[in-house]
Amino acid sequence: MKLSALLLTVFLLSQSTAFEFIIDGEWDSELSDHVDHFDRRFTRSLETSEEEEDFEAIQGSDITVKSYKVESRITSRFAHTTVRSSVVNSGPNAQSIGFNVQIPKRAFITNFTMNVNGITFIGSVKEKTVARNLYAQARARGKAAGIVRTNSQDMETFKTEVHVPAGSKVEFELHYQEMMQRKLGLYTHTLHIQPGRLVPMLQVDVYIFEPKGIKQVDVPDTLGEHFAGLIKITHTKEKAHVVFKPTVQQQRKCPNCTESAVDGVLTVQYDVERERHVGELQVSDGHFVQFFAPSDLPPLTKNIVFVIDVSGSMWGLKMKQTVEAMQAILDDLTIDDQFSIIDFNHNVRCWSEALVPGSSLQISEAKKYIQNIKPNGGTNINEALRMAIEILSKAKNQGLIDQRSVSMIILVSDGDPTVGEVKLSNIQKNVKRRMQEDFSLFSIGIGFDVDFDFLERIAMENRGMAQRIYANHDASEQLKLFYSQVSSPLLKKITIHFPHDGVTDITQNRFDKFFRGSELVVAGKVKPESSNMLASFITASAATMEMNIHTDADIQGLDTVLNQQLHSFPGFARQMWAYIMVNQLLAERSLAPSAMKKRMITQKILGLAVEHQFVTPLTALLVESQDGPERLLADSPKDPKQGCCPGAGPPSKPSIPLESKPPTRPPWAPGFTTETPVQEAKAPRVTSVENDPHFIVHLPKNNMDVCFNIDSKPGHILNLVSDPGTGTVINGQLIGGKKMKNNKLNTYFGAISIVSVGAGVKVVVRTSGIDVNKHSFSWAATTTLTLQRVKVTIEKEHKVTVTIDEKISVMVLLHRVWKKHPINVDFLGFYTPDDNQFSSQVHGLVGQFVKEPEIKLYDVHEGSEPEKKQATMEVKGNKMTVTRGWQKDYRRDKKHGSDVYCWFVHNSGKGFIDGHYTNYIVPDLDSFLPSL
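All figures in this text were calculated on a predicted structure; none of them were measured in a lab.

Enquirer: Go over the overall build of the chain with me, naming the residues and quoting the values.
Expert: On a plain count of helices and strands, the chain comes out with 14 helices and 53 strands. Burial status across the chain gives 57% buried among its 932 residues. Across the chain, every contact between residues at least 6 apart in sequence was considered, and the portion connecting residues at least 24 apart equals 69%. Carbon and sulfur atoms form 50% of the exposed surface of the chain, whose accessible area is close to 38,700 Å².

Enquirer: Account for the packing of helix H11 (residues 572-590) against helix H12 (residues 595-612), with residues named and values stated.
Expert: With their axes 10 Å apart at the nearest point, H11 and H12 run at an angle of 155 degrees to one another. On the basis of the axis angle, H11 is roughly antiparallel to H12. Relative to H12, H11 is oriented so that their crossing is left-handed. Note on element contacts: H12 touches H11 through Lys 598, Ile 601, Thr 602, Lys 604, Ile 605, Leu 608, Glu 611 and His 612, opposite Arg 574, Gln 575, Trp 577, Ala 578, Met 581, Val 582, Leu 585, Leu 586, Glu 588 and Arg 589. For the contact of H11 with H12, the class distribution of residues is nine nonpolar, three polar and six charged.

Enquirer: Just give me the short version of the confidence of the model for the chain, but keep the residues and values in it.
Expert: Looking at the chain as a whole, the pLDDT averages 85, with 86% of positions reaching at least 70. Considering only residues more than four positions removed or in separate chains, one finds that residues 1-52, a stretch of pLDDT under 50, has 117 contacts. In this model, residues 140-152 is a region of pLDDT below 50 whose contacts with residues beyond four sequence positions or in other chains number 63 contacts.

Enquirer: Could you give an account of the pattern of salt bridges, with specific residues and numbers?
Expert: Evaluation of the coordinates by the stated rule reveals 35 salt bridges. With its nearest N and O atoms 3.1 Å apart, the salt bridge here joins Glu 280 to Arg 77. Here Glu 280, found in strand E18 (residues 280-284), pairs with Arg 77, found in the loop between strand E3 (63-75) and strand E4 (78-89); they are 203 residues apart in sequence, far enough to count as distant. Exposure class is identical for Glu 280 and Arg 77. Each is buried. Residue Lys 318 is joined to Asp 414 by a salt bridge in which the shortest nitrogen-to-oxygen separation is 2.9 Å. Residue Lys 318 is located in helix H4 (residues 317-331), and its partner Asp 414 is located in the loop between strand E24 (406-413) and helix H7 (424-434); the two are separated by 96 residues in the primary sequence.

Enquirer: Pulling in residues and values, what's your account of the nonpolar core?
Expert: It is characteristic of soluble globular proteins that their nonpolar side chains tend to be buried jointly. Counting residues in each nonpolar core, the largest one holds 89 residues, and the members touching the most others are Leu 491 and Phe 912. When near neighbours in sequence (up to four residues on either side) are disregarded, Leu 491 contacts Phe 292, Pro 294, Leu 297, Leu 300, Asp 512, Lys 513, Phe 514, Ala 540, Ser 541, Ala 542 and Met 547. In terms of nonpolar packing, the next biggest core, distinct from the first, is built from 55 residues, Ile 58, Phe 121, Leu 174 and Ala 261 among them.

Enquirer: Requested: an account of the packing of aromatic side chains, with residues and values cited.
Expert: All chains considered together, the criterion is met by 19 aromatic pairs. Plain terms: the ring middles of Phe 78 and Phe 569 are 6.1 Å apart, the flat faces sit at 20 degrees to each other, and that makes the pair stacked. Note that Phe 78 is positioned in strand E4 and Phe 569 in the loop between helix H10 (557-562) and H11, a separation of 491 residues in sequence. Overall, Phe 569 belongs to the buried group, its relative accessible area being 10%. Judged by centre distance (5.3 Å) and plane angle (90 degrees), the rings of Phe 227 and Phe 244 are edge-to-face. Of this pair, Phe 227 sits in the loop between strand E14 (214-218) and strand E15 (231-235) while Phe 244 is found in strand E16 (residues 239-244), placing the two residues 17 residues apart along the sequence. Here Phe 227 and Phe 244 have matching classes, each one buried. Among the aromatic residues, ring-to-ring pairing joins Phe 78, Phe 108, Phe 569, Tyr 579 and Phe 614 into one connected group.

Enquirer: Go over the state of the cysteines, please, and point to the residues and values.
Expert: Taken as a whole and judged by the stated rule, the model has two disulfides. Note on cysteine connectivity: Cys 254 is disulfide-linked to Cys 257, with sulfurs 1.7 Å apart. Because the sign of the S-S torsion sets the handedness, a value of about 95 degrees for the bond joining Cys 254 and Cys 257 places this disulfide among the right-handed ones. Covalently, Cys 707 is tied to Cys 902 through a disulfide, its sulfur atoms 2.0 Å apart. Between Cys 707 and Cys 902, the disulfide has an S-S torsion of -120 degrees and is therefore left-handed. Taken as a pair, Cys 707 in strand E37 (residues 704-709) and Cys 902 in strand E52 (residues 898-905) lie far apart in primary sequence, 195 residues in all. Like Cys 902, Cys 707 is buried.

Enquirer: Tell me about the sheet that holds strand E12 (residues 186-193), residues and numbers included.
Expert: Read across the open sheet, the four strands follow the order E11-E12-E17-E14; overall the sheet is antiparallel. Only two strands of the sheet have a single neighbouring strand rather than two, namely strand E11 (182-183) and E14. One ladder, built from four bridges, connects E14 with strand E17 (residues 264-272); its direction is antiparallel. Residue pairing across strands places Gln 216 opposite Asp 271, the latter belonging to E17.

Enquirer: Residue-level account of the sheet that holds strand E19 (residues 287-292), with values.
Expert: Across the sheet, four strands lie side by side as E18-E19-E30-E28; this open sheet has antiparallel pairing. With one partner strand each, in any of the chains shown, E18 and strand E28 (503-504) form the two edges of the open sheet. In the sheet, E19 pairs with strand E30 (residues 520-526) via six bridges, with the strands oriented antiparallel. Bridge pairing in E30 links Val 289 to Ala 523. Of the strands in this sheet, E18, E19 and E30 touch H11, which is tilted by about 70 degrees from E19.

Enquirer: If you had to explain the side chain of Lys 492 to someone new, which residues and values would you point to?
Expert: If you trace the backbone, Lys 492 turns up in strand E27 (residues 489-497). Of the side chains bearing the opposite charge, Asp 438 lies closest to the buried Lys 492, which forms no salt bridge; the N-O distance is 5.6 Å. If sequence neighbours within four positions are ignored, Lys 492 has contacts with Leu 300, Gln 403, Arg 404, Ser 405, Asp 512, Lys 513, Ala 540 and Ser 541.

Enquirer: Please set out unusual backbone geometry residue by residue, giving values where relevant.
Expert: Positive phi is not limited to glycine here, since Lys 493 has a value of about 55 degrees. Relative to the elements of secondary structure, Lys 493 occurs in strand E27. Residue Ser 908 is not a glycine yet carries a positive backbone phi of 55 degrees. Its location among the elements puts Ser 908 in helix H14 (residues 906-909).

Enquirer: Can you tell me about the pairing of E16, naming the residues and giving the values?
Expert: Every regular strand shows the same layout, with side chains that alternate between the two sheet faces. Across six bridges, strand E13 (residues 201-209) lies against E16 in antiparallel orientation. Note that in E16 the partner of Val 206 across the bridge is Val 242. As consecutive antiparallel partners, E15 and E16 are separated by three residues.

Enquirer: So what's going on with the packing of H4 against helix H9 (residues 475-486)? Which residues, and what values?
Expert: The contact between H4 and H9 brings their axes to 8 Å, and the two run at 35 degrees. Regarding H4 and H9, the two cross each other, and that crossing is right-handed. Here Gln 321, Thr 322, Glu 324, Ala 325, Ala 328 and Ile 329 of H4 come into contact with H9, specifically with Ala 475, Ser 476, Leu 479, Lys 480 and Tyr 483. Here the contact of H4 with H9 is composed, by residue class, of six nonpolar, three polar and two charged.

Calculation rules
Residues numbered from 1 in each chain as written. Predicted model: local features only at pLDDT ≥ 70, side-chain atom pairs only at ≥ 80, totals over all residues. Heavy atoms only, no water. Helix = DSSP H or I, 4+ residues; strand = E, 2+ residues; numbered from the N terminus. Buried < 20%, exposed > 50% of the residue type's maximum accessible area, 1.4 Å probe, protein only. Contact = heavy atoms within 4.5 Å. Areas by Shrake-Rupley, 256 points an atom, 1.4 Å probe, with all protein chains shown as cover. Axes fitted to C-alpha atoms, helices over the stretch in contact; angles between N-to-C directions. Parallel < 35°, antiparallel > 145°, perpendicular 65-115°, else oblique. Left-handed = near helix turned anticlockwise from the far one by under 90°. Nonpolar A, V, L, I, M, F, W, Y, C, P; charged D, E, K, R; others polar. pLDDT = per-residue confidence, 0-100. Salt bridge = Lys/Arg side-chain N within 4 Å of Asp/Glu carboxyl O. Core = buried A, V, L, I, M, F, W, Y, C linked by side-chain atoms within 4.5 Å. Phe/Tyr/Trp six-rings, centres within 6.5 Å; stacked < 30°, edge-to-face > 60°. Disulfide = S-S within 2.5 Å. Pairing = 2+ DSSP bridges. Lys, Arg positive; Asp, Glu negative; His and termini not counted.

Structure follows, in structure tokens:
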């Protein structure tokens with residue numbers, strides 16, 4: 001049977017040690033599928049309807065708490081928390097002392113130790129049946145212990161009581177681990193600090209280490225104004241330390257009070273530094289973790305059908321707060337979104353049988369409809385979901401849904417089905433059979449009187465997730481908060497590949513959607529024979545483009561850094577992989593189609609949980625004394641309020657076996673080095689702009705290169721190519737050196753823009769990053785972006801190639817200089833091949849030479865410098881003296897360059913270019929060149 005709030009207390013005196021342990025709660029057992037629907041719902045109501053008792057970390061009368069310390073070490077989003085307390089029975093009689101710790105439901109207890117009058121108990125995680133058998137043997141001899149039970153919305157309580165003689169000293173120590181989940185742009189770490197009395201040594205430390213850097217750290221005022229200013233934050237680039245250490249006087253509720261004011265939650269929120277749209281790959285202890293949390297992307301449009309339970313049980317506060325939340329949710333829709341509303345009790349009604357745009361008129365009408373709902377009757381979930389799927393399917397079949405949009409159903413319910421199809425397994429099958437692969441179902445369960453396990457299963461099976469909303473004064477805010485987490489999908493169809501010859505045991509690596517402010521995490525093991533570098537390849541669909549991102553990491557580098565950090569958690573990658581894998585398997589187990597499949601998954605979970613010492617719904621913590629047969633058991637029950645699995649993410653698809661994973665690198669993926677590929681060395685000569693800026697114009701018909709400089713000012717924008725015929729314009733903006741050299745301030749290209757008006761694409765390449773329309777990318781990863789008619793390839797810290805309609809291609813090369821160089825700055829080089837298919841209208845400093853001019857070169861003679869010959873050039877009706885010299889092409893060797901032998905035209909190309917160079921200065925990066 002499920003874990004009950006009823007107390008089963010055993011007071012048995014140990015003859016040898018004169019202390020005893022107390023059990024709180026009963027062992028759980030899974031509900032049978034054949035349990036009567038009414039009995040199941042009644043049991044659930046009985047379990048959860050009682051008022052929660054007041055919580056104290058340390059319980060017992062006339063005892064002295066010597067110390068209470070909490071320490072969390074968070075490394076790369078993985079937290080290891082230790083709670084320690086030292087207690088003395090200072091009364092004249094024997095008594096029970098309780099040690100209680102509230103921990104997040106998504107956390108796994110990993111160990112518990114206790115020392116009672118010199119007898120030490122040490123924990124080990126075992127398969128639940130094994131642990132219970134050993135525990136039962138100890139219990140028969142009068143040695144019992146505590147278990148884990150559910151206590152509140154997001155927390156569980158570990159409870160242990162020990163009955164000890166007067167003067168006894170007891171030391172408790174509990175360990176648990178959890179992965180920080182990013183929601184709405186923040187990681188939140190919560191610690192319940194409720195000792196229940198004044199403590200001479202009360203201290204909380206939270207140490208954070210993030211290798212890529214910590215962007216922000218905040219500690220919201222959740223402990224109350226009484227402790228304002230007592231929480232100290234130390235924050236450097238990669239490390240943060242939060243400490244709360246109130247004195248006994250500061251703990252008092254009032255100056256002369258004996259009651260403690262420490263009664264609440266200490267919350268630490270933080271986020272990390274990350275490159276735009278770049279995956280963060282970390283390798284440590286033979287394991288890897290890939291984080292992916294792109295930002296600054298326009299959201300995908302949404303097609304949403306809201307399915308709202310309006311049965312009689314929703315009457316009153318539940319309905320009022322649901323309506324209040326829906327008002328705000330509807331306001332969040334945009335004109336590009338489409339939606340409809342279904343409300344159901346024993347009947348099912350559609351506000352609109354077709355999707356409608358999120359216009360102000362439609363939203364206003366929808367609000368009026370929701371406000372007039374009067375809850376009554378039964379609950380027909382099956383028919384309501386069938387109709388919601390039908391609305392989306394009809395719109396898709398009629399071509400009314402954008403292929404790049406996201407279609408979802410959001411179900412809000414407070415109860416089990418009572419009308420129509422009432423068997424949960426049949427409803428689950430019906431929904432899965434009708435749902436199309438690109439639709440998702442999100443479930444919101446209101447209150448305790450709801451089968452949240454069912455809502456979670458049906459959501460996970462259909463590429464969504466579920467959330468319990470507690471029916472209290474802030475239920476409306478809880479509803480809006482959940483919606484805000486899924487209201488801005490930025491990507492869909494995300495896959496994170498790894499070389500199959502370098503990794504094993506990869507966790508879920510395919511994801512249906514990515515929402516703003518969240519994070520995708522994939523982990524696995526690195527093969528021992530792997531090379532020194534590990535690479536990942538991410539593919540995803542954004543609002544206007546396909547994204548392909550290549551990230552790599554040094555296999556040994558992070559371990560070296562972690563070993564130098566005092567408060568880091570060196571085993572984080574190993575434990576994080578196991579944490580993700582166990583939760584993933586728990587989710588798969590809840591959806592297992594057969595008993596045999598369920599048993600296979602169960603064995604995998606047991607093996608991982610025992611190896612990594614996680615207390616899960618299938619394992620228990622057996623705590624045994626070192627010097628005797630005394631045993632305690634900490635058990636983690638399956639929680640009906642929580643659902644199938646604590647902290648489990650919804651797998652969009654079952655994890656794919658290693659054999660079916662993609663090849664070492666996808667076809668689009670570049671090599672692992674930034675060296676120019678061999679085929680590029682054989683590429684034809686190009687026209688380029690480099691350095692100060694030096695223009696090198698290749699004239700294939702004349703079989704020569706002509707060079708000239710442009711001496712302009714920082715900030716000026718020079719037009720390179722202006723082609724109204726193809727709608728293409730390329731401009732470069734100048735930046736200056738740090739200071740003058742030889743009485744001259746050198747200028748370079750700091751930004752180059754490539755605009756295709758017809759394709760609606762604008763690419764701006766800067767030394768700091770690359771903008772593609774409204775998307776921003778960094779130089780930190782190799783990325784390929786495929787838009788409708790334009791392909792943009794970013795090669796990590798090297799170059800950007802833009803191809804338009806497979807007819808026009810340009811390359812922008814990145815030049816980095818020493819940051820502390822007294823004169824030079826980072827700058828860009830520009831390269832364009834001769835075979836670009838511009839129109840006859842093309843012009844610009846480079847574009848005008850697409851139509852190659854007639855050139856006569858004669859009177860070649862020695863110049864003022866022997867190695868620099870001079871000649872006379874006639875071009876465009878102009879006669880000028882030119883000098884033979886060398887410029888650099890950096891495509892093959894970015895450091896030293898390759899020599900290009902060219903004839904140099906002086907005076908900023910005067911006579912070689914049409915007009916004066918100042919005629920090519922334009923006002924904006926997307927400006928076409930006016931007629932000369």
